[in-house]
Amino acid sequence: MRSIWRTLTPPLRRDLLALSGAILVVGTSFGTIAVAAGLPWWMASLMSVVVFAGGSQFMVVGVVAAGGGLVTAVLGALLLNARHLPFGLAIGPVLGRTWPARLLGSHLLIDESVAFAMAQSEPRRARAVYWAAGLALFVSWNIGCVAGAMAGQVIGDPDALGLDAAFPAALLALVLPALRETRVRRASLLGAGVALAATPFLPPGVPVLLALVGLVMLVPTPTGRDRAEAAT
Amino acid sequence: MTVTAMLVLAAGTYGFRVAGPLLRQWLVRRRGNTGESGEVALPPRLTELMSTAATVLLVALIATSSLTSGGGFAGVALPAGVATAGVLAWRKVPFVFVVIAAAGVAAGLRALGVP
């Protein structure tokens, strides 16, 4: 624990603190919305601990509040969370080499902890940043949810505070350096285009997964040298 | 909402989360490596594919969550906030200011009545 904290530079600590503050407010809003939708406060709070995936939590509560079926709600939420599998595939070794680290670290896998870890070039630093981001966001998300569920009224509308822009902005800032590489940039742009085009027609979560077709950009095209070799 | 539904969602989500690292570990083992040097044991092409896949998913997530909302167009304030962040991040402005600027632009535009 202490070694994680020491590996973090002051700017990184500040970045994590800022994001934790934003997540705390969104967590508060989840707590209040869940209680307003008829969930007992303890269930709203417990859901945040055991599920720990904001988008899917808002989704189930929203579907249930709108009178939708429970099975549909849960299946939809799971579809939204399916992207965690390829994320884990990419950052697997970052969690650590021991079984407790792998099993516990997996629960802290969210978009933000993945983006923070992937933005680090040095493996030791990536591991510290992943755990610090995951733990900080887990704690602040859950404090927010309990506070919101107990308070029972919306303390602040996250959208009025522009927080719905803060999260994509944070991910964008973290992912930007990786886009300097041409192949990665081409794959990402194609993927984002596919996801945007599919969004009006497919259930949430599926368009983002469809973005993986952008990976065809990684298929090697015959370079000038290859063609020259083929000609000889 | 029942406790059972919540636990199914929790278990399924955790399943997706833990499957990635376990699958990767299995790939390493299958290549006869005990996992001591996990990262270098997989072919570079494969690790590149996996990390690019994560970046592609993150970019798609950024694009859909900043341009669309509930399957439709997200309005102006939200994309404007994220676009401001993109420019600032590109100009190497520190992360914390990028995030605050995004929220500030979106909140400011909404306060002015921009959707």
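Definitions and cut-offs
Residues numbered from 1 in each chain as written. Chains lettered and ligands numbered in written order. Predicted model: local features only at pLDDT ≥ 70, side-chain atom pairs only at ≥ 80, totals over all residues. Helix = DSSP H or I, 4+ residues; strand = E, 2+ residues; numbered from the N terminus. Buried ≥ 20, exposed ≤ 12 C-beta atoms within 10 Å, placed from the backbone. Domains from an automatic or database assignment. Contact = placed C-beta atoms within 7 Å. Nonpolar A, V, L, I, M, F, W, Y, C, P; charged D, E, K, R; others polar. Core = buried A, V, L, I, M, F, W, Y, C linked by C-beta atoms within 7 Å. UniProt positions renumbered as here; feature names shortened; annotations may be inferred.

## Things to note about unusual backbone geometry
A negative phi angle is the norm for most residues apart from glycine, just as the trans form is the norm for most peptide bonds. A positive phi is found at A:Phe52, a non-glycine position, where the angle reads about 45°. If you trace the backbone, A:Phe52 turns up in the loop between helix H3 (41-50) and helix H4 (54-65). Residue classification places A:Phe52 among the buried positions, given that 23 C-beta atoms sit within 10 Å. Positive phi, close to 65°, is recorded for B:Lys92, a residue that is not glycine. Here B:Lys92 lies in the loop between helix H4 (77-90) and helix H5 (95-111).

## Regarding the domain arrangement of chain B
For chain B, the domain assignment lists domain 1 (1-42) and domain 2 (44-115). The gap between the C-alpha centroids of domain 1 of chain B and domain 2 of chain B is 28 Å.

## Thoughts on the interface of chain A and chain B
Each side of the interface is counted separately: chain A has 75 residues, and chain B has 62 residues. No other element matches helix H10 (residues 163-175) of chain A, which puts 11 residues into the side of chain A that touches chain B. Split into classes, the residues belonging to the side of chain A that touches chain B amount to 56 nonpolar, 12 polar and 7 charged.

## A look at the nonpolar core
Formed by 101 residues in total, the largest nonpolar core has its most connected members in A:Ala169 and B:Ala102. Residue assignment places this core across two domains, with domain 1 (1-42) and domain 2 (44-115) of chain B each supplying three or more. Sequence-distant contacts of A:Ala169, defined by excluding residues within four places in its chain, comprise B:Gly81, B:Val82, B:Ala85, B:Val98, B:Val99 and B:Ala102.

## A look at the UniProt feature "transmembrane region" (unreviewed entry) in chain B
Residue and element names in this part refer to chain B. Under the UniProt annotation, the feature "transmembrane region" (unreviewed entry) is placed at residues 53-81 and 93-112. In this annotation, residues 53-81 is assigned 69% helix and 14% strand; the end-to-end C-alpha distance for the span is 26 Å. Across residues 93-112, helical content stands at 85% and strand content at 0%; the span's end C-alpha atoms are separated by 26 Å.

## A few points about the environment of B:Thr55
If you trace the backbone, B:Thr55 turns up in helix H3 (residues 44-67). Accessibility expressed as a C-beta count within 10 Å gives 23 for B:Thr55, which makes it buried. For the pair B:Thr55 and B:Pro21, spaced 34 residues apart in sequence, the C-alpha to C-alpha distance is 17 Å. For B:Thr55, the residues in contact, after removing those within four places along its chain, are A:Val175, A:Ala178, A:Val184 and A:Ser188.

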